[in-house]
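Descriptive analysis of the structure
Letter by letter, the chains look like this.
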Amino acid sequence: MSDLIGLTTHGRDVERSEVLPTRGHPAPDTITKLVKRLRALTLTLLPVEVDPESLTEPTSTIITQEVITAYRAAAGDFEQALPYCLLRAHAEFMWDANHNPADYGENYGRAVACEVLARKIAHLFPRDKLTDVMSTRYQHLQIDGDLSETASALEMAIDQHCTVFLSSSEAQEVVNALWNGELVQINNKNNDIDYVPYSQLREHTLISRIDASRMSVPRYQNIFRIVVWLFFLVVYSQAVREPLERIDVTHPFDIWEVILYFMALSFAVEDTFRFIKLLHFVVWWRAFSFWNIIAFVIDALLVAAFALRVAGVSAGNDDAGAHWRLSSFQVLSCVAPFIWMKLVTIFDGYKYIGTMQICVARMLKESGIFFALLSVLAVGFAQGLYALDAADGTIESPYTVINVLIQALLQSPDYSKFSASPVGLLLYYFWNTVTAIILLNILISLFATAYSDVVDNAEAQYLAFFASKTIGMIRAPDSYVYPAPFNLIETIFIVPFENLPLIHLSEKNYAKLNRFVMSFIFFIPLTIIALYESTFTSDFGNKNRWVESWFRGDDEGAEDAVENRNPTVDDMNCRGMEISKVPFEELVKVFPNTTQSTEATILKEVVELRKKLDLVLEKLNA
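These figures come from a predicted structure and were not determined experimentally.

1. A short note on the overall build of the chain
A count of helical and extended segments in the chain gives 28 helices and 4 strands. Out of the 622 residues in the chain, the part that is buried amounts to 38%. Contacts in the chain between residues at least 24 apart in sequence constitute 69% of all its contacts with a sequence separation of at least 6. When the accessible surface of the chain is summed, it comes to about 35800 Å², and 62% of that surface belongs to carbon and sulfur atoms.

Below is the structure:
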């Protein structure tokens, strides 16, 4: 196995694999067998519980170079599928941990070990093979014998929120290439995909860069969403500030209202398709995240406001029509907090806002315990206070009891409400004590724990979130992306040519139709994208390198290049003088081996000392 990993001086540098097998795609049965073998290896490696931090340390005494070598050898000719299989083993160990509380620590440690191994093994692949390792999609056999959904190592890591793997430079290199559009997704049959460099798909001219498919690039989608959402906020602000007196029968809808409800319909369609996509490609419960619920609330309120507005217009200019119009504007006003709140998700591509969003989402997740306890206690106290109110023969509205309970929860109790009933007052005191002293302090501690967990690991959390955001934009097999509100044009005028039998177009003609329509609609954005890419990117060679250097600065990431280790002096004023009098290889011999822990270094020295001692004893005995 030593030929799989070559070590240089003091084991500091690990040589990357030179040749990877390029044979046929492994079948699900083969992937399943490899996953089972990796699980057996991990069970042997970690038969007892270990501290997860000892596994994630760079100089771990458990995940050593020898262990990595063994896992690579265990894959045989299927080394390219090894990261995927390790992440699949991670998922199975996490399932075991969550369904067997007695062995949670052991199985959680094994899951962490699989994720760390997947990251370190992915680091050993050559750069030109990294995209295939991350993007090749596999299937495995489930327990009932059915085939699983196809997924790649990158998608598997995102679905499991593997921060250790996704925060690696290898994963982020692929993610950033997808975000910037340097890699594009090619959809094959059976929902299979390939990531292909965009430079291979078009000529190096400005005209060729005016490509409708560039609207599917996550970075440009994100910029387009920001512009559209800011415009939507302006439209909404204008719509809600129109006084009711200006709305009459002859002009039932203001122009701002027309634009508002048109955009609202496009957002509702987009959110519906995104929700269906989440249900299809990820675990079903992940589709019900906090921001998806906020989007559903926004869409529901806008639809309700529109329905009330139509009812008011249909009723005419009488009192009933005025009532419906007033109700419509009242419902529309309730949308404001939610659409401004959703502004956070529009700018979450920026690190600070993205980290803040992660903190909020984690806090809301942790607060589930608080709201579960609160709901149970609220039902009990509400029932008790309502029963006391009914004991004297007069019953008030149930909403009165609910109102006083909510007021007490918000630190504004109304004790005079139960002053006539000592038992009711005592029960109300008890409710205030439980909520103000016990439950709220539990909520504060949960929020503090969630915040510290995110902040202590903010970099890895944000990188995992960014990877999820990027892959989520391109994961569905959609070659022609029409961002809202232009998705209505696709739904009404384009989709029928794909689905309806009488006007059905061939795949080639349907592609031409989409390219023509998108090029016409998005001509200005596509032209800006083409000018940007042809000016600020340097994949044409050195044509625009000076512009890139001017805006981005010098490349400071190649200090460890081979040509920098033993530089030569070409200075005419310093003839006969050298920088590399002492070769680089001689200089690093005195460096400590930072890839190994102190314990491993001591043990290695002890083993070497023991060998020398055995040799001395052997000579003395002779």
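2. Concerning the confidence of the model for the chain
Low-confidence regions, as indicated by low pLDDT, have predicted coordinates that should not be scrutinised in detail. Mean pLDDT over the chain works out to 78, with 83% of the residues at or above the 70 mark. Long-range and interchain partners of residues 1-23, a stretch whose pLDDT sits below 50, account for 50 contacts in this model, where long-range means more than four residues apart. Within the model, pLDDT remains below 50 along residues 538-557, and this stretch shows 20 contacts once partners closer than five positions in the same chain are excluded.

3. Digging into the packing of aromatic side chains
For the structure on display, the rule yields 16 aromatic pairs. Note on Phe224 and Phe522: the rings are 5.8 Å apart at their centroids and 85° apart in plane angle, and the pair reads as edge-to-face. Residue Phe224 is located in helix H11 (residues 218-240), and its partner Phe522 is located in the loop between helix H24 (507-521) and helix H25 (523-536); the two are separated by 298 residues in the primary sequence. Each member of the pair Phe224 and Phe522 is classed as buried. The interplanar angle of 40° and the centroid separation of 5.1 Å between the aromatic rings of Trp229 and Phe232 together place this pair among those described as tilted. A residue pair is termed a helical-turn pair when its members lie 3 or 4 positions apart in one helix, as Trp229 and Phe232 do in helix H11 at 3 residues. Across this residue pair, the class does not change: Trp229 and Phe232 are buried. Taken together, the ring pairs connect Trp179, Tyr462, Phe465 and Phe466 into an aromatic cluster. In this arrangement the basic side chain of Arg39 is found over the ring face of Phe93, its NZ or CZ atom lying 4.5 Å from the centre.

4. Re the side chain of Ser167
Structurally, the position occupied by Ser167 is in the loop between helix H8 (163-166) and helix H9 (169-180). By relative accessible area, Ser167 is classed as buried at 18%. In this structure the side chain of Ser167 is engaged in a polar contact, spanning 2.6 Å, whose partner is the backbone oxygen of Thr163. Residues contacting Ser167, with those up to four places away along its chain left out, are Arg119, Gln172, Ala460 and Leu463.

5. Things to note about a nonpolar patch on the surface
Residues Tyr352, Met356, Val360 and Leu364 make up a contiguous nonpolar surface patch of roughly 380 Å² in combined accessible area. If you trace the backbone, Leu364 turns up in helix H17 (residues 351-366). A residue is classified by how much of its surface remains accessible, and Leu364, at 34% relative accessible area, is partly exposed.

6. Notes on the side chain of Ser54
Within the fold, Ser54 resides in helix H2 (residues 52-56). Setting aside anything within four residues of it in sequence, one finds Ser54 in contact with Ser60 and Ile62.

7. Focus on the pattern of salt bridges
The full count for this structure, using the stated rule, is 9 salt bridges. Between Asp96 and Arg39 there is a salt bridge, and its shortest N-O distance comes to 3.2 Å. With Asp96 in helix H4 (residues 82-99) and Arg39 in helix H1 (residues 28-45), the pair connects residues that are 57 residues apart, well separated along the chain. Close ionic contact of Arg309 with Glu257 constitutes a salt bridge, the shortest N to O distance being 2.8 Å. With Arg309 in helix H13 (residues 290-315) and Glu257 in helix H12 (residues 255-281), this residue pair connects regions lying 52 residues apart in the sequence. Just as Arg309 is buried, Glu257 falls in that class too. Each of the salt bridges in this network shares a partner with another, and the network as a whole consists of Arg39, Arg88, Glu92 and Asp96.

8. Overview of a negative patch on the surface
On the surface, a cluster of negative charge is contributed by Glu49, Asp51, Glu53, Glu57 and Glu599. Judged by relative accessible area, which is 38%, Glu57 ranks as partly exposed.

9. Quick notes on the UniProt feature "transmembrane region" (unreviewed entry) in the chain
Under the present numbering, the feature "transmembrane region" (unreviewed entry) in UniProt falls on residues 223-239, 259-276, 288-308, 328-347, 368-388, 428-451 and 513-532. Between the C-alpha atoms that bound residues 368-388 the distance is 30 Å, and the span itself is 100% helix and 0% strand. For residues 513-532, helix accounts for 95% and strand for 0%, while the C-alpha atoms at its two ends are 26 Å apart.

10. Topic: unusual backbone geometry
Between Ala484 and the following residue, Pro485, the backbone shows a cis peptide bond with an omega angle of 5°. Within the fold, Pro485 resides in the loop between helix H21 (458-474) and helix H22 (487-494). One non-glycine residue, His161, lies in the positive phi region at around 55°. Following the sequence through the fold, His161 ends up in the loop between helix H7 (153-160) and H8. Residue class for His161 comes out partly exposed when judged on its relative accessible area of 38%.

11. Structural notes on the nonpolar core
Formed by 65 residues in total, the largest nonpolar core has its most connected members in Leu154 and Phe165. Looking at this core element by element, the count peaks at 9 residues for helix H5 (residues 104-122). Excluding anything up to four places from it in sequence, Phe165 contacts Leu87, Glu115, Ala118, Arg119, Ala122, Met134, Ala153, Ala157 and Ala171. Counting 41 residues, the second-largest nonpolar core is a separate cluster that includes Phe224, Ala239, Ala305 and Ile339.

12. Remarks on the environment of Val495
In this structure, Val495 sits in the loop between H22 and helix H23 (496-499). A relative accessible area of 24% means that Val495 is categorised as partly exposed. Counting along the chain gives 19 residues from Val495 to Asn514, while the straight-line C-alpha distance between them is 9.7 Å.

13. Focus on the packing of helix H19 (residues 398-409) against helix H20 (residues 422-456)
Interhelical geometry of H19 versus H20 gives an angle of 40° and a closest axis separation of 9 Å. Considered as vectors, H19 and H20 are oriented oblique to each other. Here H19 runs over H20; the crossing is right-handed. Across the interface between the two elements, Val404, Leu405, Ala408 and Leu409 of H19 pack against Tyr428, Trp431, Asn432, Thr435 and Leu440 of H20. Of the residues contributing to the contact of H19 with H20, the split by class is 7 nonpolar, 2 polar and no charged.

14. Re H5
Its 19 residues give H5 an end-to-end C-alpha distance of 27 Å, which sits within 8% of 27 Å, the value for a rise of 1.5 Å per residue. Of all the 19 residues making up H5, 15 are buried; the element is thus mostly covered by neighbouring parts of the structure.

15. Here we look at H13
With 26 residues, H13 should reach 38 Å at 1.5 Å per residue; the first-to-last C-alpha distance of 37 Å fits that figure. Where H13 is concerned, the buried positions are Trp291, Ile294, Ala295, Ile298, Asp299, Leu302, Ala305, Leu308, Arg309 and Gly312.

16. Concerning the packing of H9 against H11
For the pair H9 and H11, the least separation of the axes is 5 Å and the interaxial angle reads 55°. One finds that H9 runs oblique with respect to H11. Together, Leu178, Trp179 and Asn180 of H9 and Pro218, Arg219, Tyr220 and Asn222 of H11 make up the contact between the two elements. Across the contact of H9 with H11, the residue classes tally to 4 nonpolar, 2 polar and 1 charged.

The rules behind the values
Residues numbered from 1 in each chain as written. Predicted model: local features only at pLDDT ≥ 70, side-chain atom pairs only at ≥ 80, totals over all residues. Heavy atoms only, no water. Helix = DSSP H or I, 4+ residues; strand = E, 2+ residues; numbered from the N terminus. Buried < 20%, exposed > 50% of the residue type's maximum accessible area, 1.4 Å probe, protein only. Contact = heavy atoms within 4.5 Å. Areas by Shrake-Rupley, 256 points an atom, 1.4 Å probe, with all protein chains shown as cover. pLDDT = per-residue confidence, 0-100. Phe/Tyr/Trp six-rings, centres within 6.5 Å; stacked < 30°, edge-to-face > 60°. Lys NZ or Arg CZ within 6 Å of the ring centre and 35° of its normal. Polar contact = N/O pair within 3.5 Å; in protein donor to acceptor, adjacent residues only side chain to side chain. Patch = residues over 30% accessible without salt bridge, like charges linked within 9 Å, V, L, I, M, F, W, Y side chains within 5 Å. Salt bridge = Lys/Arg side-chain N within 4 Å of Asp/Glu carboxyl O. Lys, Arg positive; Asp, Glu negative; His and termini not counted. Charge placed at Lys NZ, Arg CZ, Asp CG, Glu CD. UniProt positions renumbered as here; feature names shortened; annotations may be inferred. Core = buried A, V, L, I, M, F, W, Y, C linked by side-chain atoms within 4.5 Å. Axes fitted to C-alpha atoms, helices over the stretch in contact; angles between N-to-C directions. Parallel < 35°, antiparallel > 145°, perpendicular 65-115°, else oblique. Left-handed = near helix turned anticlockwise from the far one by under 90°. Nonpolar A, V, L, I, M, F, W, Y, C, P; charged D, E, K, R; others polar. Expected span 1.5 Å × (residues − 1).

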